[in-house]
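# Chains, contacts and geometry: an overview
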Amino acid sequence: MTELAHEDRSRNREGDDDAALIAACQAGSKEAFDRLITKYQRRVYTFAYRLTGNAEDAADVAADTFVRLYTSLGSFRGHSSFVTWLYRVVTNLYLDSRKKKRVRQTQSLDEMVELEESSVQRQYDDDRPSPHEIAEGNERTAALQQAIASLPEYQRVMVVMYHVDGMAYEEIAEALQLPIGTVKSRLNRARLALRHKLEPIREQYGL
Amino acid sequence: MKCDRAQEWFSSLIDGSIRPAEKVVLEAHLTTCRSCAADVERLRTMWHALDAMPQLDPPTTLRATVWQRIEAAGSQAAAAAEPAPRFVVRSPRLIWIRSLALGAAVVLLAALATVSVPGKYRTAAFSSLFGHLAGPQRNTPIVEATLVRSAEASSVVDITIALSGQSHDVASAVAELITGSEVLASQEVPLRSGRGQTSIAAPAVGSAELSVRVVWRDPNGAERSFVSPVRIR
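To start, this report covers the structure provided alongside it.

Rules used throughout
- Residues numbered from 1 in each chain as written.
- Chains lettered and ligands numbered in written order.
- Predicted model: local features only at pLDDT ≥ 70, side-chain atom pairs only at ≥ 80, totals over all residues.
- Heavy atoms only, no water.
- Helix = DSSP H or I, 4+ residues; strand = E, 2+ residues; numbered from the N terminus.
- Buried < 20%, exposed > 50% of the residue type's maximum accessible area, 1.4 Å probe, protein only.
- Contact = heavy atoms within 4.5 Å.
- Areas by Shrake-Rupley, 256 points an atom, 1.4 Å probe, with all protein chains shown as cover.
- Salt bridge = Lys/Arg side-chain N within 4 Å of Asp/Glu carboxyl O.
- Core = buried A, V, L, I, M, F, W, Y, C linked by side-chain atoms within 4.5 Å.
- Domains from an automatic or database assignment.
- Axes fitted to C-alpha atoms, helices over the stretch in contact; angles between N-to-C directions.
- Parallel < 35°, antiparallel > 145°, perpendicular 65-115°, else oblique.
- Left-handed = near helix turned anticlockwise from the far one by under 90°.
- Nonpolar A, V, L, I, M, F, W, Y, C, P; charged D, E, K, R; others polar.
- Pairing = 2+ DSSP bridges.
- Buried area = accessible area lost by both parts, 1.4 Å probe.
- Polar contact = N/O pair within 3.5 Å; in protein donor to acceptor, adjacent residues only side chain to side chain.
- Phe/Tyr/Trp six-rings, centres within 6.5 Å; stacked < 30°, edge-to-face > 60°.
- Lys NZ or Arg CZ within 6 Å of the ring centre and 35° of its normal.

## Brief notes about the overall build of chain B
Per the secondary structure count, chain B includes seven helices and eight strands. Relative to its full complement of 233 residues, chain B shows a buried share of 35%. Considering only contacts in chain B between residues 6 or more positions apart, those separated by 24 or more positions represent 56%. When the accessible area of chain B is evaluated, it comes to approximately 13600 Å², of which 56% is carbon and sulfur surface.

## Things to note about the overall build of chain A
Regarding its fold elements, chain A presents 11 helices and zero strands. Here chain A holds 207 residues, and the buried ones make up 55% of them. With an accessible surface of roughly 9400 Å², chain A has 50% of that area assigned to carbon and sulfur atoms.

## Description of the pattern of salt bridges
Across all of its chains, the model carries 17 salt bridges over all chains by this definition. Residue Arg195 of chain A pairs with Glu199 of chain A through a salt bridge whose shortest N-O separation is 2.9 Å. The class of Glu199 of chain A is partly exposed, set by a relative accessible area of 29%. For Arg202 of chain A, the salt bridge identified is with Glu199 of chain A, shortest N-O distance 3.3 Å. Here Arg202 of chain A falls in the buried class, since its relative accessible area comes to 16%. Beyond isolated ion pairs, a larger network of salt bridges with shared partners links Arg195, Glu199, Arg202 and Glu203 of chain A together with Asp39 and Arg42 of chain B.

## Some remarks on the nonpolar core
Core analysis: the biggest nonpolar cluster contains 83 residues, and Phe33 and Phe82 of chain A have the highest contact counts within it. Ranked by residues supplied to this core, first place goes to helix α2 (residues 30-52) of chain A with 11 residues. Two domains each provide a minimum of three residues to this core, namely domain 1 (3-51) and domain 2 (63-137) of chain B. Core analysis: the second largest hydrophobic core is formed by 22 residues, Val143, Val170, Ala173 and Ala202 of chain B among them.

## Points about the packing of helix α7 (residues 139-149) of chain A against helix α10 (residues 180-198) of chain A
Residue and element names in this part refer to chain A. Viewed as axis vectors pointing N to C, α7 and α10 meet at an angle of 125 degrees, and their least axial separation amounts to 10 Å. Classified by the interaxial angle, the pair formed by α7 and α10 is oblique. Here α7 and α10 pass one another in a crossing that is right-handed. Of the residues in α10, those in contact with Ala143, Leu144, Ala147 and Ile148 of α7 are Leu194, Lys197 and Leu198. Classifying every residue of the contact of α7 with α10 by side-chain character gives six nonpolar, no polar and one charged.

## Structural notes on the pairing of strand β3 (residues 172-179) of chain B
Moving residue by residue along a regular strand, the side chains alternate between the two faces of the sheet. Residues and elements named next belong to chain B. Of the pairings in the sheet, the one linking β3 to strand β4 (residues 182-190) comprises eight bridges and is antiparallel in character. Following the sheet pairing, Val174 is matched in β4 by Glu188. Turn length for the β3-β4 hairpin, with the two strands adjacent in sequence and antiparallel, is two residues, and the turn residue Gly180 shows positive phi of about 60 degrees. As paired strands, β3 and strand β6 (residues 211-217) are joined by five bridges and run antiparallel to one another. When the sheet's bridge partners are listed, Val174 is paired in β6 with Val215.

## Digging into the environment of Ala222 of chain B
All names here are of chain B. Looking at the secondary structure, you find Ala222 in the loop between β6 and β7 (223-229). A residue is classified by how much of its surface remains accessible, and Ala222, at 35% relative accessible area, is partly exposed. With residues up to four places along the chain from it excluded, the contact list for Ala222 reads Trp216 and Arg217.

## Observations concerning the interface of chain A and chain B
Facing the 59 residues of chain A at the interface are 48 residues of chain B. Between chain A and chain B lies a buried interface of about 5000 Å² when both sides are counted; carbon and sulfur atoms form 61% of it. For the interface between chain A and chain B, the tally reads six salt bridges. Note that Asp57 of chain B is salt-bridged to Arg42 of chain A, the shortest N-O span being 3.0 Å. The interface formed by chain A and chain B holds 14 residue pairs in polar contact (both at pLDDT 80 or more) in total. Put simply, the parts of the chain that give the side of chain A that touches chain B at least two residues each are α1 (19-26), α2, α3 (55-72), α6 (131-136), α7, α8 (153-164) and α10 of chain A. With 13 residues, the top contributor of residues to the side of chain A that touches chain B is α2 of chain A. In the side of chain A that touches chain B, the residues fall into 28 nonpolar, 12 polar and 19 charged.

## Digging into the pairing of β7 of chain B
Residue and element names in this part refer to chain B. Sheet topology note: the β6/β7 ladder contains seven bridges and is antiparallel. Of the residues in β7, the one forming a bridge with Trp216 is Arg224. The turn joining β6 and β7, which pair antiparallel and follow one another in sequence, is formed by five residues; a positive phi near 90 degrees is taken by Gly221.

## Structural notes on the packing of aromatic side chains
Considering all chains together, one arrives at 12 aromatic pairs over all chains under this definition. Residues Phe33 of chain A and Trp67 of chain B carry aromatic rings whose centres are separated by 5.7 Å and whose planes lie at 80 degrees to one another, so their mutual orientation is edge-to-face. Of this pair, Phe33 of chain A sits in helix α2 while Trp67 of chain B sits in helix α5 (residues 62-77), which puts the two residues in different chains. Of the two residues, Phe33 of chain A and Trp67 of chain B, both sit in the buried class. Among the aromatic side chains, those forming a connected cluster through ring pairs are Tyr40, Phe76, Phe82 and Trp85 of chain A. Over the face of the ring belonging to Tyr162 of chain A we find Arg191 of chain A, whose NZ or CZ atom lies 4.8 Å from the ring centre. Sitting over the face of the ring of Trp47 of chain B, Arg191 of chain A holds its NZ or CZ atom 3.9 Å from the ring centroid.

Here is the structure:
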């Protein structure tokens with residue numbers, strides 16, 4: 001049985017090199033902030049897309065993330081890493097946007113229950129074919145995206161943080177301000193739920 | 001071991017964080033429970049597939065959208081907002097040209113005031129002019145940091161400081177050459193009317209990694225600082 005390298009998740013380490021850029025932003029340099037957008041827009045957009053499941057909402061959440069960053073970067077003191085702070089902002093904006101959407105759609109109480117962690121009632125509610133997946137011609141990725149979109153929101157956030165963006169358990173715990181044990185146990189449950197959802201199409205897509 | 005309990009350890013088995021004692025118990029269960037063993041393998045396959053999901057290109061308009069929203073939010077909040085510290089990096093040439101243009105404008109307006117502005121408007125004309133000079137720019141420190149490479153391949157960072165507003169009369173500041181959060185070198189810079197210059201020897205790192213932080217105490221004793229990226233001349 002081969003095991004994955006424990007916590008060999010190095011894609012986020014570049015965030016540690018951002019101090020000078022952030023200091024320049026905090027001092028009011030628009031050029032530095034533009035560089036920050038350029039550096040992180042792909043990661044922020046991908047994260048937002050995997051959460052929202054569609055390009056329009058993802059672009060909206062990503063843009064709002066950078067606006068929030070611009071207005072609140074002055075209060076960033078470096079107690080947490082910039083990347084985990086950034087992901088906390090995206091996550092909060094995504095959850096806010098979901099809340100607003102729910103209010104607009106005046107959903108029933110039954111549908112609200114799907115926020116509970118144990119509930120996996122609402123299936124594939126964001127299962128519109130995505131332009132990205134169509135463009136990629138990757139049906140397996142589309143199937144995974146749909147299954148992720150059917151998870152309750154906090155499970156969805158954790159799965160995307162860990163698997164799509166390669167964050168370590170510690171970073172997810174810091175971003176979501178949860179104990180690491182809670183992150184690990186919730187992620188395990190999220191993976192089991194995801195696997196259960198994918199079971200009907202497992203052989204079709206080699207999952 | 002029951003299957004429910006075994007499932008709680010599936011992820012830690014796959015990511016390698018499982019405790020040795022738990023691993024022994026779980027692996028013993030997996031040798032006898034074909035259902036759980038199959039579940040672990042399927043979970044592992046899904047895990048790899050999730051890890052392989054691609055990063056996506058953002059819309060090309062994203063940056064522009066961000067700046068539009070920032071400007072829209074800024075114009076709404078401008079009246080209430082405290083003026084944010086601004087860091088202006090200008091070339092010496094630009095500063096010189098700007099000073100010259102400003103000087104010319106002073107002379108022209110003074111001449112106009114003397115020659116053609118009726119007496120009761122003269123004060124208004126001058127206060128308008130000097131009011132402009134005392135506007136936002138007076139509270140804007142100017143710090144220029146330029147990396148200069150000499151023929152001997154050694155490098156120095158030339159630093160020009162111009163403090164204004166309350167800090168106009170500060171006698172000295174400390175210029176620090178920084179990379180990330182590390183201070184590579186620092187030097188006290190005497191200031192006259194808020195202005196001063198110094199040079200600091202630069203280590204062999206790219207200019208993109210270097211910044212200059214200028215630290216001083218304002219007349220109220222509060223520590224203030226500004227950071228500017230180092231440019232290459």
